[in-house]
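Chains, contacts and geometry: an overview
Here's the letter readout for the chains.
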Amino acid sequence: MKTKAVRLYGENDLRLEEFELPEIKDDEILAHIISDTLCMSSYKAAIQGAKHKRVPDNVAKNPVIIGHELCGEIVKVGTKWQNKFKAGVKFTIQPNLNYKGSLDAPGYSYNYIGGNATYIILPHEIMELDCLLEYNGDAFYFGSLAESMSCIIGAYHASYHTTPGVYVHKMGIIEGGNCAYLGAAGPMGLGAIDYTIHCGRKPKKVVVVDIDQSRLDRAASVLTVDEAKNNGVELIYLNTSGHEKPEKAVLDLTDNKGFDDVFVYAPVKELVETGNKILGRDGCLNFFAGPSNPEFSAEFNFYNAHYLSTHIVGTSGGNTDDIRESLEMMGSGKINPSIMITHVGGLDSAIETTLNLPNIRAGKMLIYTNIKMPLTAINNFGELGKTNKIFAELDRIVKSNNGLWCYEAEKYLLNNTESI
């Protein structure tokens with residue numbers, strides 16, 4: 001079977017190609033991908049090529065398919081898995097395999113599996129590690145966003161606190177405490193706010209800090225202060241761009257007691273150091289943002305680490321249980337990751353978008369892999385709809401859904417757009 005896919009050959013070398021997939025083995029599964037959301041991790045792999053820890057050294061001769069936030073349908077099941085998986089079932093995957101200690105992962109390391117493709121082959125290790133997850137929802141893009149949400153959930157669970165007098169760590173954020181999200185008006189920050197408001201373990205206060213007022217305004221419009229209050233959380237949006245000492249502006253919101261949990265959502269030295277300065281006793285700084293610079297560093301107050309038990313943790317991705325939690329919360333309507341989506345495009349737009357992700361000041365980029373469509377901001381549907389009936393209808397649909405991408409929009413797009 002032929003597939004079309006975006007493949008990585010080296011540094012800044014991505015190519016959209018059509019090629020033949022081999023017949024699946026008895027321990028493999030053939031699948032049809034419908035959607036993939038783009039991740040900064042793919043950008044890092046694309047600009048680093050073989051220098052990236054997950055990309056093979058011989059990628060120039062054996063290119064890999066990029067993308068790991070995928071959702072699709074099973075097409076054909078090898079004999080080994082036919083008692084567990086059936087054709088026609090929707091699925092997503094946990095890409096952080098850690099198979100036998102290897103860093104290899106879909107979207108970085110494999111020739112025949114990645115999210116930016118029409119058809120793929122799932123290798124045996126995905127099923128063996130229970131990383132092939134059935135998805136029972138209607139909208140494919142929700143399945144794609146499950147991996148992004150799992151990263152947020154994983155960070156939430158990975159934060160920890162100490163127990164006075166004994167060497168026992170308590171995992172998770174402080175329930176009923178103070179929590180700060182720095183650089184958090186982007187897509188992952190929005191997902192984190194949504195999860196924090198609606199999960200079972202909530203802080204009492206959440207302060208969302210950013211320096212982009214337009215992004216803060218959008219965040220406040222889709223995740224309102226009233227919604228948070230109704231769920232027992234005091235939510236504060238704060239723009240620190242005009243403050244000479246941003247840490248003071250943030251600390252003032254806690255009467256200078258400091259924060260139990262601080263999450264940093266942008267790899268900016270000053271932001272990390274601000275996070276360190278606002279920690280209270282036993283405060284945990286979670287460095288969520290993954291830097292592309294391997295020499296990235298920031299100052300940390302070790303006096304407070306010694307006397308106030310402040311500490312730091314970093315997370316990269318979630319585990320399978322985190323994805324299951326995200327799928328359950330989406331399925332039950334507790335969270336709505338649609339708030340993360342700001343742009344939609346076809347597979348033909350994936351290369352340019354991936355290589356320009358840092359320059360696009362927006363949310364998640366949603367790619368439908370079987371259609372042709374330039375990457376388009378949802379906010380531009382109305383203007384484009386003046387001369388294009390497809391965009392006119394999409395604009396009508398999303399406006400009836402509080403300006404958010406939705407299942408109805410996905411269904412209309414897939415039924416009315418040119419195939420790739």
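What you are looking at is a predicted structure, and each value in this text was computed from that prediction instead of being measured.

1. What to know about the overall build of the protein
Along the protein, the regular secondary structure elements total 14 helices and 19 strands. Taking 420 residues into account, the globule formula puts the C-alpha radius of gyration at 22 Å, and the protein, at 22 Å, falls close to it. In terms of overall dimensions, the protein has a C-alpha envelope of 60 × 55 × 40 Å along the principal axes. For the protein, the proportion of its 420 residues judged to be buried stands at 57%. Pairs at least 24 apart in sequence give 74% of the contacts found in the protein among residues at least 6 apart. Accessible surface, the protein as shown: approximately 18400 Å² in total, 48% of it carbon and sulfur. Positive and negative side-chain charges in the protein, numbering 40 and 51 respectively, have mean positions lying 1 Å apart.

2. Some points on the packing of aromatic side chains
All chains considered together, the criterion is met by 13 aromatic pairs. Judged by centre distance (5.6 Å) and plane angle (5°), the ring pair of Phe287 and Phe296 falls under stacked. Cation over ring: Arg54 sits above Tyr108, and NZ or CZ is 5.7 Å from the ring centre. Cation over ring: Lys90 sits above Phe140, and NZ or CZ is 5.1 Å from the ring centre.

3. Looking at helix H14 (residues 407-416)
Because the α-helix completes a turn every 3.6 residues, residues three or four places apart line up on one side. Regarding H14, the residues found buried are Ala409, Glu410, Tyr412 and Leu413. The arc that holds every buried residue of H14, seen down its axis, measures 165°, which confines them to one face. In this structure, the buried residues of H14 make contact with helix H3 (140-158), strand E17 (341-346), strand E18 (364-368) and helix H13 (389-399).

4. As for the pattern of salt bridges
For side chains of opposite charge, pairing can occur when their charged atoms come near one another. If you walk through the whole model with that rule in mind, you get 19 salt bridges. Across the pair Glu23 and Lys76 runs a salt bridge, and its minimum N-O distance is 3.8 Å. With a gap of 53 residues between them, Glu23 in the loop between strand E2 (13-20) and strand E3 (29-37) and Lys76 in strand E5 (residues 70-77) connect regions that are remote in the sequence. Across the salt bridge formed by Lys372 and Glu418, the nearest N and O atoms sit 3.5 Å from each other.

5. Thoughts on the layout of surface pockets
By volume, the second largest pocket amounts to about 430 Å³. For the second largest pocket, the lining is made up of 27 residues, of which Arg218, Ile341, Thr342, Ile378 and Asn379 are closest to its centre. Breaking the lining of the second largest pocket down by element, the ones donating at least two residues are helix H4 (187-198), helix H5 (213-222), E17 and H13. Counting residues per element, the lining of the second largest pocket draws most heavily on H5, at six residues. The residue makeup of the lining of the second largest pocket, split by class, is 12 nonpolar, 10 polar and five charged.

6. So, the sheet that holds E2
Pairing is antiparallel in the open sheet, where three strands are placed in the order E2-E1-E4. One side of each edge strand has no neighbouring strand; the edge strands of this open sheet are E2 and strand E4 (64-65). In this structure, strand E1 (residues 2-10) lies alongside E2, joined through eight bridges in antiparallel fashion. In the sheet register, Gly10 faces E2, and the bridge partner there is Asp13.

7. Focus: unusual backbone geometry
Positive phi is not limited to glycine here, since Asn98 has a value of about 55°. If you trace the backbone, Asn98 turns up in the loop between strand E6 (90-93) and strand E7 (119-122). Residue Asn256 is not a glycine yet carries a positive backbone phi of 65°. One can find Asn256 in the loop between helix H7 (246-251) and strand E14 (259-264).

8. As for the sheet that holds strand E15 (residues 279-287)
Strand order across the open sheet formed by six strands is E13-E12-E11-E14-E15-E16, with parallel pairing between neighbours. What marks the edges here is a single partner per strand, and that holds for strand E13 (234-239) and strand E16 (311-314). Averaged over neighbouring strand pairs, the angle between their axes works out to 20° when direction is ignored. By the bridge criterion, six bridges tie strand E12 (residues 205-210) to E13 in an arrangement that is parallel. Paired with Asp210 across the bridge in E13 is Asn239.

9. Some thoughts on H5
Taken together, the buried positions of H5 are occupied by Arg215, Leu216, Ala219 and Val222. Relative to the axis of H5, the buried residues are bounded by an arc of 135° and lie together on one face. Considering only its buried residues, H5 is in contact with H4, E12 and E13.

10. Here's the deal with the nonpolar core
In this structure, Tyr141, Tyr181, Val208, Val344, Tyr368 and Trp405 are the most contacted members of the largest nonpolar core, which totals 66 residues. Take this core: its biggest share by element is 11 residues, from H3. Not counting residues within four places of it along the chain, the set of residues in contact with Tyr368 comprises Ile34, Ser35, Tyr141, Val344, Gly345, Gly346, Leu347, Trp405, Glu410, Leu413 and Leu414. Counting residues in each nonpolar core, the second largest holds 28 residues, with Ile24, Leu30, Val77 and Phe85 among its members.

About the criteria used
- Residues numbered from 1 in each chain as written.
- Predicted model: local features only at pLDDT ≥ 70, side-chain atom pairs only at ≥ 80, totals over all residues.
- Heavy atoms only, no water.
- Helix = DSSP H or I, 4+ residues; strand = E, 2+ residues; numbered from the N terminus.
- Rg over C-alpha atoms; globule rule 2.2 N^0.38 Å.
- Buried < 20%, exposed > 50% of the residue type's maximum accessible area, 1.4 Å probe, protein only.
- Contact = heavy atoms within 4.5 Å.
- Areas by Shrake-Rupley, 256 points an atom, 1.4 Å probe, with all protein chains shown as cover.
- Lys, Arg positive; Asp, Glu negative; His and termini not counted.
- Charge placed at Lys NZ, Arg CZ, Asp CG, Glu CD.
- Phe/Tyr/Trp six-rings, centres within 6.5 Å; stacked < 30°, edge-to-face > 60°.
- Lys NZ or Arg CZ within 6 Å of the ring centre and 35° of its normal.
- Arc of directions from axis to C-beta.
- Salt bridge = Lys/Arg side-chain N within 4 Å of Asp/Glu carboxyl O.
- 1 Å grid on protein atoms, 1.4 Å probe; cavity = no way out; pocket = protein on both sides within 12 Å on 5 of 7 lines; lining within 4 Å.
- Points joined across faces, edges and corners; volume = space filled by probe spheres on them.
- Nonpolar A, V, L, I, M, F, W, Y, C, P; charged D, E, K, R; others polar.
- Pairing = 2+ DSSP bridges.
- Axes fitted to C-alpha atoms, helices over the stretch in contact; angles between N-to-C directions.
- Core = buried A, V, L, I, M, F, W, Y, C linked by side-chain atoms within 4.5 Å.

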